[in-house]
Amino acid sequence: MLNIDRATYDGIVAHAKRDHPDEACGIVAGPEGSDRPERLVEMVNAAGSPTFYEFDSTELLELYKEMWDRDEEPVVIYHSHTATEAYPSRTDIGLASEPNAHYVLVSTRDCFDEAGGNNDGPVEFRSYRIVDGEVTEEEVTIVD
């Protein structure tokens, strides 16, 4: 189960909506071994694509150095899907390399009208564990 605070949840959703029609991506760091997502880090989608995300390698390396210095680890790795449901694609599964992380997907497909304007529709926010190519959906609890 993923327990996530309201501010972090809202920050991930806002990032996904802001970057639409491109996929948004980021990491929520937390103390090593705690399973507590505490520090939202929005990342740049280096692919700049509506169908694929890629962390900028330099930005990602800097973030990992910072997490090591702070005794943190990636608790949540998130990205958005702009036209499909919030379920990991084959590519997402293949790229999942953090067995202890929660992989959050946010679908913004219902948030925008055909002209690209925000219609304040709902987002789909789902979390998964992905270990050795096996995907397991988990419950998400938002705490205030």
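Quick caveat, the model's predicted, so the values are computed rather than measured. (Residues numbered from 1 in each chain as written. Predicted model: local features only at pLDDT ≥ 70, side-chain atom pairs only at ≥ 80, totals over all residues. Heavy atoms only, no water.)

Draft legend 1. Quick peek at the layout of surface pockets. Quantified by volume, the largest pocket comes out at close to 230 Å³. Around the largest pocket sit Ile27, Tyr53, Glu54, Phe55, Leu60, Tyr64, Ile77, Leu95, Ser97, Glu98 and Tyr103, which together line it. Among the residues making up the lining of the largest pocket, the classes are represented as 8 nonpolar, 1 polar and 2 charged. Of the volumes computed, that of the second largest pocket is approximately 160 Å³. Around the second largest pocket, the lining comprises 13 residues; the ones closest to its centre are Glu23, Thr51, Phe52, His81 and Thr84. Elements supplying a minimum of two residues to the lining of the second largest pocket: strand E4 (72-81) and helix H3 (90-95). A class-by-class count of the residues in the lining of the second largest pocket yields 4 nonpolar, 7 polar and 2 charged. (1 Å grid on protein atoms, 1.4 Å probe; cavity = no way out; pocket = protein on both sides within 12 Å on 5 of 7 lines; lining within 4 Å. Points joined across faces, edges and corners; volume = space filled by probe spheres on them. Nonpolar A, V, L, I, M, F, W, Y, C, P; charged D, E, K, R; others polar. Helix = DSSP H or I, 4+ residues; strand = E, 2+ residues; numbered from the N terminus.)

Draft legend 2. Local environment of the sheet that holds strand E5 (residues 102-107). Strand order in the open sheet formed by 6 strands is E3-E2-E4-E5-E6-E7, and the pairing between neighbours is mixed. Of all strands in the sheet, those with a lone pairing partner are strand E3 (39-43) and strand E7 (134-138), marking the two edges. Between one strand axis and the next, the sheet turns by 30° as a mean value, whatever way the strands run. Judged from the 5 bridges that link them, strand E6 (residues 124-131) and E7 form a sheet pairing that is antiparallel. Residue pairing in the sheet places Arg129 in a bridge with Thr136 of E7. Contacting strand E2 (25-31), E3, E4, E5 and E6, helix H1 (residues 6-19) crosses the sheet at an angle of about 10° to E3. Docked against the sheet, helix H2 (residues 57-69) engages E2, E3 and E4, running at close to 165° with respect to E3. (Pairing = 2+ DSSP bridges. Axes fitted to C-alpha atoms, helices over the stretch in contact; angles between N-to-C directions. Contact = heavy atoms within 4.5 Å.)

Draft legend 3. Structural detail: unusual backbone geometry. The amide bond that connects His20 to the next residue, Pro21, takes the cis arrangement and shows omega of 15°. Residue placement: Pro21 occurs in the loop between H1 and E2. With a phi close to 60°, Asp35 is a non-glycine residue in the positive phi region. For Asp35, the position within the fold is in the loop between E2 and E3. Phi angles above zero are rare outside glycine, and Asp71 is one such case at about 55°. Secondary-structure assignment places Asp71 in the loop between H2 and E4.

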